[in-house]
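The chain contents come next:
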Amino acid sequence: MEIQAVSLEDIKDVATNTGRSIPAGEIDATFRSQYTDLISAPLGSKVLSFSDEWFAAAENLITPTPPISRPGVFVHAGAWYDGWETRRHNTEPADWVVLRLGTASGKVAGVEIDTAFFNGNHAPEIAVEGAFITDEADEEEVKKPGYTGWETILSKQECGPSQRHGWLLPNITEKAYTHVRLLMYPDGGIARFRLYGIAVPVFPQSANAIFELSATVMGGVATSCSDQHFGTKDNLLLPGRGKDMGDGWETKRTRGEHVDWTIVRLGAKGQIDHIVIDTAHFRGNFPQKVHVFAGAFEKDPGHDDKAWVEVLEPQKSGPDKEHEYKAELKEVAGRTYTHAKLVIIPDGGVKRFRVFGKRM
């Protein structure tokens, strides 16, 4: 048996919940193709309470898009900032904000704090805590500053001005959490807060229930894609139909023969019942055709893996419409799959890709 060496730094990380610092340029590669941002606003995450938001609202922390700057713009409280900013001279050790996850619960793999455009007023240090709450009365308690049920997810970390900071935990948390609290020592500003991890869904009790196997809230993850120039692959698995083209998946224009693709790891192995491909808001830039494959894999596959099975032959697409496919499906009866691959021909935009079926 091979024995792996463990460094003193690794032991320290596990013992103190410090995590490993991830360079800004590696944050997306480290987290976004493996994990879900459990507190993203489009998933339904909510800010429940906060100590202060004098200069800028705490709800900005979970905006899915990158922060922006408006130099020279002032509001009643002061300069306009796209983030959460509290008053100076906090008399308590830290300012804080409590959030409910957008999934039923989740296990945490890492944290991102972005202090973009906060320079001279950024948060000097942060920490993250979690709690598992299922009762409405308990949720009222977790909103209060005196709640004592918090557990450390990430211990106190130093932050710098106007930059992305990432920390990968030594191991994904054994416990799932429903709520988190971001602590900012002692005060200042943070543009964005991301909590990366794995959704722990509540599956239907009936074995025959048909539900959305691919949904982020059910544990679905978009693991890779050919291109996401205008809109990210992760948007495909969000709930609802979105608000505009910005919250869908859109690839760049191409010339000549071409296809684009996205691979999705389903939240549970299942038997496919029907598929919905929604082109909401994509009116002059929808794909000409859509094409779907599925497969049963032990690990995330590549797009050219020979084990992919065609379950939907190329179908003509259209603008701003939910396209449902059931009778057109093949190779689905009696077969179970772990992954699905959406292919668009030749390129364009899709709002949602929904794979419905029974958990097996």
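Everything numeric here is computed off the predicted structure, so don't read it as measured data.

Calculation rules
- Residues numbered from 1 in each chain as written.
- Predicted model: local features only at pLDDT ≥ 70, side-chain atom pairs only at ≥ 80, totals over all residues.
- Heavy atoms only, no water.
- Helix = DSSP H or I, 4+ residues; strand = E, 2+ residues; numbered from the N terminus.
- Rg over C-alpha atoms; globule rule 2.2 N^0.38 Å.
- Buried < 20%, exposed > 50% of the residue type's maximum accessible area, 1.4 Å probe, protein only.
- Contact = heavy atoms within 4.5 Å.
- Domains from an automatic or database assignment.
- Buried area = accessible area lost by both parts, 1.4 Å probe.
- Salt bridge = Lys/Arg side-chain N within 4 Å of Asp/Glu carboxyl O.
- Nonpolar A, V, L, I, M, F, W, Y, C, P; charged D, E, K, R; others polar.
- Polar contact = N/O pair within 3.5 Å; in protein donor to acceptor, adjacent residues only side chain to side chain.
- Pairing = 2+ DSSP bridges.
- Axes fitted to C-alpha atoms, helices over the stretch in contact; angles between N-to-C directions.
- Core = buried A, V, L, I, M, F, W, Y, C linked by side-chain atoms within 4.5 Å.

> Would you mind going over the overall build of the chain with me for this structure?
When helices and strands are tallied, the chain shows three helices and 24 strands. The C-alpha atoms of the chain give a radius of gyration of 22 Å, which matches the 21 Å a tight globule of 360 residues would have. Out of the 360 residues belonging to the chain, those deemed buried represent 51%. In the chain, the proportion of contacts linking residues at least 24 apart, taken out of those at least 6 apart, comes to 80%.

> When you look at the domain arrangement of the chain in this model, what are you seeing that I'm missing?
Interfaces are often sized by the accessible area lost when the parts come together. Domain boundaries in the chain define domain 1 (8–200) and domain 2 (210–359). Distance between the C-alpha centres of domain 1 and domain 2: 31 Å. In this assembly, 10 residues from domain 1 lie in contact with 12 residues from domain 2. Of the roughly 780 Å² buried between domain 1 and domain 2, counting both surfaces, carbon and sulfur atoms make up 54%. At the boundary of domain 1 with domain 2, the tally comes to zero salt bridges. Residue classes in the side of domain 1 that touches domain 2 are distributed as four nonpolar, five polar and one charged.

> Can you help me understand the side chain of S214 in this one?
Mapped onto the fold, S214 is located in the loop between β15 (211–212) and β16 (221–225). You can call S214 buried: its relative accessible area is 0%. A distance of 2.8 Å separates a polar side-chain atom of S214 from the backbone nitrogen of V355. In contact with S214, not counting residues within four places along its chain, are G220, L237, V264, L266, F353, R354 and V355.

> What's the story with unusual backbone geometry in this structure? I'm lost.
The bulk of non-glycine residues show a negative phi, and the bulk of peptide bonds are trans. At the junction of Y185 and P186, the peptide bond is cis and its omega measures out at -20° in the coordinates. Here P186 is to be found in the loop between β12 (179–185) and β13 (189–190). Here H89, not a glycine, exhibits a phi torsion of approximately 60°, which is positive. You can see H89 is positioned in the loop between β6 (84–85) and β7 (95–100).

> Explanation requested: the sheet that holds strand β3 (residues 46–50) in the structure shown.
Across a sheet, paired strands are connected by hydrogen bonds in the backbone, their directions being either parallel or antiparallel. As summarised here, the arrangement of the five strands in space is β3-β7-β12-β9-β10, forming an open sheet in which the pairing is antiparallel. Pairing within the sheet leaves two strands with one partner each, and these edge strands are β3 and β10 (151–158). In this sheet, neighbouring strand axes are inclined to one another by 20° on average, regardless of whether the strands run parallel or antiparallel. Alignment of strand β9 (residues 125–131) against β10, held across five bridges, turns out to be antiparallel. Paired with E129 across the bridge in β10 is T152.

> What's the story with the nonpolar core in this structure? I'm lost.
One recurring pattern in soluble globular proteins is that nonpolar side chains are buried together. Counting 30 residues, the largest nonpolar core has I272, I275, I277, V292, L342 and F353 as its most contacted members. Elements supplying a minimum of two residues to this core: β16, β18 (260–278), β19 (289–295), β20 (309–316), β22 (337–345) and β24 (352–359). In contact with L342, not counting residues within four places along its chain, are L236, W249, D260, W261, T262, I277, V290, H291, V292, V350 and F353. Among the nonpolar cores identified, the runner-up in size contains 28 residues, and L38, I39, V108 and W167 belong to it.

> I would appreciate a short explanation of the pairing of β16 in the present structure.
Consecutive residues of a regular strand have side chains that alternate between opposite faces of the sheet. Of all the five residues making up β16, four are buried; the element is thus mostly covered by neighbouring parts of the structure. Bridge count for β16 against β18 is four bridges, and the pairing is antiparallel. Opposite A222, over in β18, you have V264 as the bridge partner.

> Explain the environment of G246 here, please?
Along the chain, G246 falls in the loop between β16 and β17 (249–250). Separated by 105 residues in sequence, G246 and K351 have C-alpha atoms that sit 9.0 Å apart.

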